[in-house]
Amino acid sequence: MISAPFDYVRANTLDEALSLLAQNEDAKLLAGGHSLIPAMKLRLAQPPLLDDISRIKDLTYIREEAGQIRIGAMTTHYQIESSDLLKNICPLLPDCASHIGDLQVRNKGTIGGSVAHADPAGDWPAAIIALNAEMIATSKNGERTIKADDFFVDMLTTALEPGEILREIRINKTNGRTGHAYAKMHHPASGFAVVGVAVNLLFNGDSECKSASIGITGVSSKAYRPSAVETALNGVTLDEATIGSAAAHATDGVDVNGDVFASDEYRKHLATVYVRRAIAAAMEQAG
Ligand SMILES: Cc1cc2nc3c(=O)[nH]c(=O)nc-3n(C[C@H](O)[C@H](O)[C@H](O)COP(=O)(O)OP(=O)(O)OC[C@H]3O[C@@H](n4cnc5c(N)ncnc54)[C@H](O)[C@@H]3O)c2cc1C
């Protein structure tokens, strides 16, 4: 299908992009276009004006600063997947990126676009929650920080306000022995997550879990933190029995989606299986 007519402006700086947004409240930001353009072609989205931020160089970077990992919103999935820095200090990010779509999608799609889009089956939201990331939102009124637990509000809805651009994603670096992993069941047609589980473990000793931070996507209307699983893992020695009983809480208090591919009962079961798999993979990654 062909999209409804729209105007297009390419912003050269963040300030230009913010001014355009402030003057046109129905304008949509265009990043990699790999969620927005399909939605426009299906006429699910009909923005009158596209504010193209894809050429703003200042929004593409991966760096360490002030004890944090800082990633510009326009950094592509592939740049994260292939970052040697991230492979060393935060392997969950390249691991998660490698599961997104195909090479073409990963070359154009951006972490900022994906996080701001908040697709309930998108991969990044699970990692963002597991890593307790902070989103830096900027507007004509200044900047604010939004914590991962407050960011994903509902299906395709985030805590970003009209006029705000997600500028940067920050992740605090952890000291100590950690284990990271992302385990995903890919939908065979779309490649999106039927279930995706991101795990970030901090260990006391060899296999005693000091703290577990987990994000789950694909299961409900938005990505979520399975708090009961985390609580059951904290302070215990991780083995088949403790992991199995913790994973049984993967969908506690969650309204589980069902569709033609996976019923709610099946998805609920998959969530427990993929929590177990992700924890096992994180233990292996920790070495
Ligand atoms: C064939 C195909 C397969 C895919 N498979 C997967 C998959 O397996 N897993 C997965 O997670 N995703 C998948 N995707 C989606 C892909 O990851 C998109 O790149 C991503 O969801 C959106 O990023 P984008 O940069 O393309 O954003 P765009 O499509 O440009 O924008 C998406 C939305 O976010 C807004 N936006 C963009 N940037 C910002 C910003 N900095 N601040 C505020 N708002 C912003 C836009 O206005 C728009 O509403 C797939 C897409 C395709 C086409």
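See the structure shown above.
Residues numbered from 1 in each chain as written. Predicted model: local features only at pLDDT ≥ 70, side-chain atom pairs only at ≥ 80, totals over all residues. Heavy atoms only, no water.

On to the overall build of the protein. What the protein contains, in helices and strands, is 12 helices and 13 strands. Expressed as lengths along the three principal axes of its C-alpha atoms, the size of the protein is roughly 60 × 45 × 30 Å. Sorting the 287 residues of the protein into buried and exposed places 51% on the buried side. Sequence-distant contacts in the protein: of pairs separated by 6 or more residues, those separated by 24 or more amount to 63%. Accessible area of the protein: about 13200 Å², with a carbon and sulfur share of 48%. Computed over 26 positive and 35 negative side-chain charges, the inter-centroid distance for the protein is 4 Å. (Helix = DSSP H or I, 4+ residues; strand = E, 2+ residues; numbered from the N terminus. Buried < 20%, exposed > 50% of the residue type's maximum accessible area, 1.4 Å probe, protein only. Contact = heavy atoms within 4.5 Å. Areas by Shrake-Rupley, 256 points an atom, 1.4 Å probe, with all protein chains shown as cover. Lys, Arg positive; Asp, Glu negative; His and termini not counted. Charge placed at Lys NZ, Arg CZ, Asp CG, Glu CD.)

As a further point, take helix α12 (residues 264-286). Helix length check: α12 (23 residues) gives 33 Å between terminal C-alpha atoms against 33 Å at 1.5 Å per residue, within 8%. Where α12 is concerned, the buried positions are Arg267, Leu270, Ala271, Thr272, Val273, Tyr274, Val275, Ala278, Ile279, Ala282 and Ala286. Buried positions along α12 lie against β11 (178-186), β12 (193-203), β13 (209-217), α10 (227-233) and α11 (240-247). Where α12 ends, the next residue or the one after it, Gly287, has phi of about 80°, a positive value. (Expected span 1.5 Å × (residues − 1).)

Below, the discussion takes up the site of the ligand. Taken together, 30 residues are adjacent to the ligand, and Leu29, Ser35, Leu36, Thr110 and Asp123 come closest. Separating a nitrogen atom of the ligand from a side-chain N or O atom of Asp123 is a distance of 2.6 Å. Between a nitrogen atom of the ligand and a main-chain N or O atom of Leu166, the distance comes to 2.8 Å. Bound to the protein, the ligand loses 89% of the 970 Å² it would expose on its own. The set of elements that each furnish at least two residues to the shell around the ligand consists of β2 (28-30), α7 (111-117) and β10 (165-172). The element that contributes the greatest number of residues to the shell around the ligand is α7, accounting for 4 residues. Here the residues of the shell around the ligand are counted per class, giving 13 nonpolar, 14 polar and 3 charged. (Near = heavy atom within 4 Å. Polar contact = N/O pair within 3.5 Å; in protein donor to acceptor, adjacent residues only side chain to side chain. Nonpolar A, V, L, I, M, F, W, Y, C, P; charged D, E, K, R; others polar.)

What follows is about the packing of aromatic side chains. Per the counting criterion, the structure on display carries 1 aromatic pair. Its guanidinium or amino end placed over the ring of Tyr61, Arg63 lies 3.9 Å from that ring's centre, counting from NZ or CZ. Between Arg277 and the ring centre of Tyr274, over which it is positioned, the NZ or CZ distance is 4.8 Å. (Phe/Tyr/Trp six-rings, centres within 6.5 Å; stacked < 30°, edge-to-face > 60°. Lys NZ or Arg CZ within 6 Å of the ring centre and 35° of its normal.)

Here we come to the sheet that holds strand β1 (residues 7-10). Pairing is parallel in the open sheet, where 3 strands are placed in the order β1-β3-β2. Edge positions in the sheet fall to β1 and β2, since each has one partner strand and no second. Taken over all neighbouring pairs, the strand axes of this sheet differ in orientation by 30° on average, direction set aside. Alignment of β2 against strand β3 (residues 49-52), held across 3 bridges, turns out to be parallel. Paired with Leu30 across the strands is Asp52, a residue of β3. Relative to β3, helix α1 (residues 14-23) is tilted by about 160°, and along the sheet it contacts β1, β2 and β3. (Pairing = 2+ DSSP bridges. Axes fitted to C-alpha atoms, helices over the stretch in contact; angles between N-to-C directions.)

This part covers the pattern of salt bridges. Considering all chains together, one arrives at 15 salt bridges under this definition. For Asp15, the salt bridge goes to Lys140, with nearest N and O atoms at 3.3 Å. Pair noted here: Asp15 is in helix α1 and Lys140 is in the loop between β6 (134-139) and β7 (142-147), with a separation of 125 residues, a long-range link. According to the relative accessible area criterion, Asp15 is partly exposed, its value standing at 48%. For Lys140, a relative accessible area of 44% gives the class partly exposed. Bridged by salt links that share partners, the residues Glu143, Arg167, Glu168 and Arg170 form one connected network. (Salt bridge = Lys/Arg side-chain N within 4 Å of Asp/Glu carboxyl O.)

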